[in-house]
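Summary of structural features
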Amino acid sequence: MAKKTNCTINGIDYYRLRKTIGYDKYGEPIVKAFYGDGKVDAENKRDKYLLEQKQGLRINGDQSLTQAMYIWLWNIEKPSGLKSSTFERYEGIYRNHIDGTRLGFSLLSEIDQVSIQQHYREMYESGKTYSMIEHCNKTLNKFFRYCLGKRHITHNPCFGIKFDAYKENNEFTIEDELAYEGNIETYSIDDISKIVNGDYNQKTKISAKLALGTGLRQGEVLALNIDDVDLDKLEVRVTKTLTYMKIYDSPECYRREWVITKPKTKSSRRIVPIPTELVPDLRYMRVVRNEQKLRLGSAYQDNKLMFPSELGNYTDARNHLRSWKRALESIGVEYKGFHALRHTYATQLIMRNRDILTVSRLLGHSNIETTQRYTHILQENKAESVQVLNSLFV
């Protein structure tokens with residue numbers, strides 16, 4: 001029986017199958033044709049290709065870095081179960097620092113260490129920080145290691161790259177941490193009294209007292225579950241934080257969600273003592289949680305959170321801040337962010353002669369120089385306070 005064919009090329013009959021194998025950066029389908037001497041042969045070639053595609057990229061030296069990295073990002077990394085926060089970082093680096101650049105347009109086969117180093121120099125000269133360049137290199141290094149393992153390239157051009165030239169000074173490496181902490185704002189003793197004793201939303205009040213008594217960030221407070229708070233040992237374990245981030249459904253479609261991620265630095269994962277005065281409040285929050293659970297029944301999503309929403313889910317940090325702002329207005333305290341409670345915790349410890357290293361560890365700082373900012377602020381405040389005595393000598 002003659003084999004069935006459906007096209008003729010150069011006088012030879014073939015059976016042709018077409019298969020959409022992906023999408024380009026503009027969302028257009030990438031269609032590949034498979035030819036065989038019959039339908040079964042064409043199907044076998046298609047299946048073999050798809051199997052190889054599933055096992056690894058089919059990259060050649062004629063592809064640009066942008067093309068190859070895009071396929072790796074969406075066809076390999078995204079389906080691999082990578083954490084959403086990690087994928088968001090990779091995608092952001094690709095979009096902001098690779099796509100549309102001279103390096104991005106370079107052929108994969110022509111990229112060498114000089115090309116990479118030149119790209120980083122251009123990033124630096126355009127105002128990018130050392131941290132940005134380092135993260136870009138980590139992402140490119142992972143991509144090139146994948147390509148090397150699949151024998152798409154013969155060498156990893158990221159190997160041996162140096163970054164010291166992009167450090168402005170020895171303090172440059174703590175810039176991210178300083179930016180993360182923000183400007184130092186603190187609450188006065190009178191403010192603290194109103195915050196602790198004021199009449200306002202109980203959940204907001206207890207979360208504020210916990211931040212004031214432990215120095216936890218807002219995201220760390222809202223991420224706590226009941227097992228993180230040990231009332232017998234009087235300590236809280238900080239192992240996660242609530243973060244608002246992009247969740248990608250496709251290259252062109254994403255949504256923002258509150259998700260739990262690891263703290264930004266290793267030192268942020270810590271155990272912090274709890275003041276004994278907070279124990280009744282934290283026990284009360286467990287009672288409230290159990291009452292909500294009983295009242296709502298199956299409608300309650302039991303995530304075992306210390307500060308859950310009405311339905312048991314994570315409390316939206318934006319709603320929490322709105323509640324905090326309303327609370328301060330109701331008790332007559334000038335608005336400062338929830339993070340100011342953390343700054344107040346640090347300054348109060350230092351004013352009570354706690355050593356700077358201990359305070360740094362309690363705050364989870366990766367560099368003690370970040371903590372030393374509080375001592376500088378206190379010294380400045382002392383100097384300003386003394387100046388009021390000038391009126392005595394007039």
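What comes next is a walk through the structure. (Residues numbered from 1 in each chain as written. Predicted model: local features only at pLDDT ≥ 70, side-chain atom pairs only at ≥ 80, totals over all residues. Heavy atoms only, no water.)

Brief notes about the overall build of the protein
For clarity, the cut-off: By definition, any uninterrupted DSSP run of H or I lasting at least four residues is a helix, any uninterrupted run of E lasting at least two residues is a strand, and each is numbered from the N terminus. Burial classes follow relative accessibility: with a 1.4 Å probe on protein chains only, a residue under 20% of its type's maximum area counts as buried, one over 50% as exposed, and anything between as partly exposed.
In terms of helices and strands, the protein carries 15 helices and 8 strands. Among the 394 residues that make up the protein, the fraction classed as buried is 42%.

Here's the deal with the pattern of salt bridges
To keep it simple, the criterion reads: By definition, a salt bridge exists where a carboxyl oxygen of Asp or Glu is found within 4 Å of a side-chain nitrogen of Lys or Arg.
For the structure on display, the rule yields 15 salt bridges. The salt bridge involving Lys209 is made with Asp281; its shortest N-O contact spans 2.6 Å. Here Asp281 lies in helix α11 (residues 279–296) and Lys209 lies in helix α9 (residues 202–214), a separation of 72 residues in the sequence. Overall, the relative accessible area of 16% leaves Asp281 in the buried class. The closest approach of N and O atoms between Arg255 and Glu257, which form a salt bridge, is 2.6 Å.

A word on a positive patch on the surface
Keep this limit in mind: Note that patches include only residues with greater than 30% relative accessible area and no salt bridge, and the join distances are 9 Å for like charges and 5 Å for nonpolar side chains (Val, Leu, Ile, Met, Phe, Trp, Tyr). Per-residue and other accessible areas follow the Shrake-Rupley method at a 1.4 Å probe size, with only the shown protein chains counted as cover for residues. Counted charges follow a simple rule, with Lys and Arg positive, Asp and Glu negative, and His plus the chain ends left uncounted. One atom stands in for each charge, and that atom is NZ of Lys, CZ of Arg, CG of Asp or CD of Glu.
Together, Lys83, Arg89, Lys138, Lys262, Lys266 and Arg269 line one region of the surface with positive charge. Along the chain, the position of Lys138 falls in helix α6 (residues 130–149).

Remarks on the sheet that holds strand β5 (residues 235–238)
For clarity, the threshold we go by: Should DSSP find at least two bridges between two strands, the strands are regarded as paired.
The strand order across the open sheet built from 3 strands is β4-β5-β8, with neighbouring strands paired in antiparallel fashion. Among the strands making up the open sheet, the edge pair consists of β4 (229–230) and β8 (270–273). Note: β5 against β8, 4 bridges, orientation antiparallel. Within the sheet, the bridge partner assigned to Val236 lies in β8 and is Val272.

A word on unusual backbone geometry
Here the phi dihedral of Asn10 falls at roughly 55°; this positive angle occurs in a residue that is not glycine. Relative to the assigned elements, Asn10 resides in the loop between β1 (7–9) and β2 (12–23). Taking the relative accessible area as the measure of exposure, Asn10 reaches 78% and is therefore exposed.

Topic: the packing of helix α2 (residues 65–77) against helix α3 (residues 84–97)
This is how it is decided: Think of each axis as a best-fit line through the C-alpha atoms, taken over the contacting stretch in the case of a helix, with angles from 0 to 180 degrees between the N-to-C directions. Oblique is the label for every angle not falling under 35 degrees (roughly parallel), over 145 degrees (roughly antiparallel), or within 65 to 115 degrees (roughly perpendicular). Each crossing gets its handedness from the near helix: less than a right angle anticlockwise from the far helix is left-handed, clockwise is right-handed. We call two residues in contact when some of their heavy atoms are within 4.5 Å. Each residue is assigned to one class: nonpolar for Ala, Val, Leu, Ile, Met, Phe, Trp, Tyr, Cys and Pro, charged for Asp, Glu, Lys and Arg, and polar for all the others, Gly among them.
Running from N to C, α2 and α3 point in directions that differ by 165°, and their axes come no closer than 11 Å. The orientation of α2 with respect to α3, classified from their angle, is roughly antiparallel. Remark: the crossing between α2 and α3 carries left-handed chirality. Where α2 approaches α3, its residues Thr66, Met69, Tyr70, Trp72, Leu73, Trp74 and Glu77 are matched on the opposing element by Phe87, Tyr90, Glu91 and Tyr94. Class assignment of the residues belonging to the contact of α2 with α3 gives a composition of 8 nonpolar, 1 polar and 2 charged.

A look at the environment of Phe105
Checked against the element boundaries, Phe105 lands in helix α4 (residues 102–105). In sequence terms Phe105 and Gln67 are 38 residues apart; their C-alpha atoms lie 8.6 Å from each other.

A look at helix α14 (residues 356–363)
So the rule is basically this: An arc is given here, and it is the one of the directions from the helix axis to the C-beta atoms.
Residues of α14 that are buried: Val359, Ser360, Leu362 and Leu363. Considered in projection along α14, the buried side chains sweep an arc of 165° and stay on one side of the axis. Looking one or two residues past α14, Gly364 carries a phi angle of roughly 80°, positive in sign.

Concerning helix α13 (residues 340–351)
So the rule is basically this: Expected helix span is taken as 1.5 Å per residue step, with the number of steps being one fewer than the number of residues.
Over its 12 residues, α13 runs 16 Å from end to end, which matches the ideal 16 Å to within 8%, given 1.5 Å per residue. Most of α13 is tucked away, with 11 of its 12 residues classed as buried. At the C-terminal side of α13, Asn353 shows a positive phi close to 65°.

Section: the packing of aromatic side chains
Using the following cut-off: We call Phe, Tyr and Trp rings a pair once their centres come within 6.5 Å, taking the six-membered ring for Trp, and we label the pair stacked below 30 degrees between planes, edge-to-face above 60, and tilted otherwise. Whether a charge sits over a ring depends on NZ of Lys or CZ of Arg being within 6 Å of the ring centre and within 35 degrees of the ring normal.
Tallying each qualifying case throughout the model produces 13 aromatic pairs. Ring geometry for Trp74 and Tyr248: centres 5.8 Å apart, planes at 75°, overall edge-to-face. Of this pair, Trp74 sits in helix α2 while Tyr248 sits in strand β6 (residues 241–250); the two residues are 174 residues apart in sequence, bridging distant segments of the chain. By the burial criterion, Trp74 is buried, and Tyr248 matches it. Within the aromatic cluster, the residues linked to one another by ring pairs are Tyr70, Trp74, Phe87, Tyr94, Tyr248 and Tyr254. For Lys32, the ring lying beneath its charged end belongs to Phe34, and the centroid distance is 5.7 Å. Between the NZ or CZ atom of Lys78 and the centre of the ring of Phe87, over which it lies, the distance is 5.7 Å.

Purely geometric stuff here, so don't read any function into it on its own.
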